[in-house]
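Understanding the architecture of this molecule
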Amino acid sequence: MIPTNLRRRLTLLVLPLLMWPATAALAGARHFTFLYEAPTSAPGSIELENWITWERVTNSEQSDQIAFRHEIEIGVTEHFQASIYFLDWFYQRDRTQSGFNYSGSAIELIYNLTNPVIDPVGFSLYQEIKVGRQHLELESKLIVQKNFGPLILDYNLTLEAEWEQQRLQERQGELQQALGASYELSPRISVGLEFLHEFVFPDWRDEEKIRNVFVGPNVAFRRQNWFVAVTALAQATDTPDQADFKVRTIFGFGF
């Protein structure tokens, strides 16, 4: 059961999407939520994206979490896109306490090298720098995509480095491979599948052999200047301190 105050906050996030007028075309509509696509936003375009990610666990020693991200995405050139994650925050509930917490803010840069439609393969490079209270995170990503008419195939290779706690003494690395396929049933609707394979390295060591696999369907809807995409992933491995399933919704609208 979601607390009343959280339901109110979710309502405030969703209402702008429902009330926003459809007046302009949206170039940055997503087909996936756990993968990035190779094309970048058109020069001069501005887009606001809101993320909601719910992670559900059945292990009583762990806690459910709902994470929120608010992003402003700007098309700088035909091949370069910059974004500001001006607020990352989450609501966490466990056996002892519940509440809202600030996670951090970030800058994201994406440079597109080739086009997935007219070139043999589309490539883009991604870099994110995130800073929070006693938290620093660097994330680098190679994005590979190919479009075959209405079929979109996507691959992300991600290396993440994270430092936490006082003086950033606790560190962790993660290598992630992500695969996605999306088929456009019409210009407005697409359905697909997303697959994540994670390698986690506490203190940058692989002694614990932590491997996580998540897989699940997605659906995306877009119309003129707004879009919404939803993915539901289930854990295919048996890692007790990971979410049993997670659902992510991203909705955005362009100016």
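Here the residue index of a chain counts from 1 through its sequence in written order. The predicted origin of the model limits local features to residues at a pLDDT of at least 70 and limits the giving and counting of side-chain atom pairs to 80 or more, whereas totals for whole chains, interfaces and linings rest on all residues. The side-chain numbers reported here are obtained from all heavy atoms of the structure, hydrogens and water having been left aside.

Examining the sheet that holds strand S7 (residues 151–164)
This is how the line gets drawn: For two strands to pair, DSSP has to find at least two bridges joining them. Secondary structure counts use DSSP, requiring at least four H or I residues in a row for a helix and at least two E residues in a row for a strand, with both numbered from the N terminus. The angle between two axes is taken between their N-to-C directions and runs from 0 to 180 degrees, where each axis is a line fitted to C-alpha atoms and a helix contributes only its stretch in contact.
Pairing is antiparallel around the closed barrel formed by 12 strands, whose spatial order is S1-S2-S3-S4-S5-S6-S7-S8-S9-S10-S11-S12. In this sheet, adjacent strand axes meet at a mean angle of 20° when their direction is disregarded. Taken together, the 9 bridges between strand S11 (residues 226–235) and strand S12 (residues 245–254) define a ladder with antiparallel strand orientation. By the bridge assignment for S12, Trp 226 is matched with Phe 253.

Let's talk about the pattern of salt bridges
Condition: Salt bridge, as used here, is a side-chain nitrogen of Lys or Arg placed within 4 Å of a carboxyl oxygen of Asp or Glu. Here the term buried applies to any residue with accessible area under 20% of the maximum for its type, exposed to any over 50%, and partly exposed to those in between, with areas from a 1.4 Å probe on protein chains only.
For the structure shown, the criterion picks out 11 salt bridges. Ionic pairing is found between Glu 49 and Arg 30, a salt bridge with its closest N-O pair at 3.2 Å. Remark: Arg 30 occurs in the loop between helix H1 (4–19) and strand S1 (46–56) and Glu 49 occurs in strand S1; sequence separation between them is 19 residues. Glu 49 gets classed as buried once you look at its relative accessible area, which sits at 1%. Overall, Arg 30 belongs to the buried group, its relative accessible area being 6%.

Describing the pairing of strand S4 (residues 98–112)
Taken together, the 12 bridges between strand S3 (residues 80–93) and S4 define a ladder with antiparallel strand orientation. In the sheet register, Ile 84 faces S4, and the bridge partner there is Ile 107.

Points about unusual backbone geometry
Phi at Asp 203 is positive, roughly 55°, even though this residue is not glycine. Positive phi, normally seen in glycine, also occurs at Trp 204, with a value near 60°. Topologically, Trp 204 is positioned in the loop between strand S9 (189–202) and strand S10 (210–223). Since its relative accessible area comes to 36%, Trp 204 is described here as partly exposed.

Quick look at the environment of Val 219
What counts is decided by this rule: Here, residues are in contact when the closest pair of their heavy atoms is within 4.5 Å.
Position of Val 219 among the secondary structure elements: in strand S10. When the C-alpha positions of Val 219 and Phe 32 are compared, they lie 8.0 Å apart, and in sequence the two are 187 residues distant. Ignoring any residue separated from it by four or fewer positions in sequence, one finds Val 219 in contact with Ser 190, Val 191, Val 228, Ala 229 and Val 230.

Topic: the environment of Tyr 36
Quick note on the threshold: Counted as a polar contact is a pair of N or O atoms within 3.5 Å, where, for protein atoms, one must be capable of donating a hydrogen and the other of accepting one, and residues adjacent in sequence contribute only when both atoms are in side chains.
Among the structural elements, Tyr 36 can be located in the loop between H1 and S1. Overall, the relative accessible area of 9% leaves Tyr 36 in the buried class. Sequence separation of Tyr 36 and Tyr 126 is 90 residues, and the distance between their C-alpha atoms is 9.0 Å. When neighbours within four sequence positions are excluded, Tyr 36 is seen to be in contact with Arg 30, Trp 51, Arg 69, Tyr 85, Glu 108, Ile 110, Tyr 126, Lys 141, Ile 143, Asp 154 and Asn 156. Among the polar contacts listed, one links the side chain of Tyr 36 to the side chain of Glu 108, at a separation of 3.0 Å.

Purely spatial values, then, with no claim about function.
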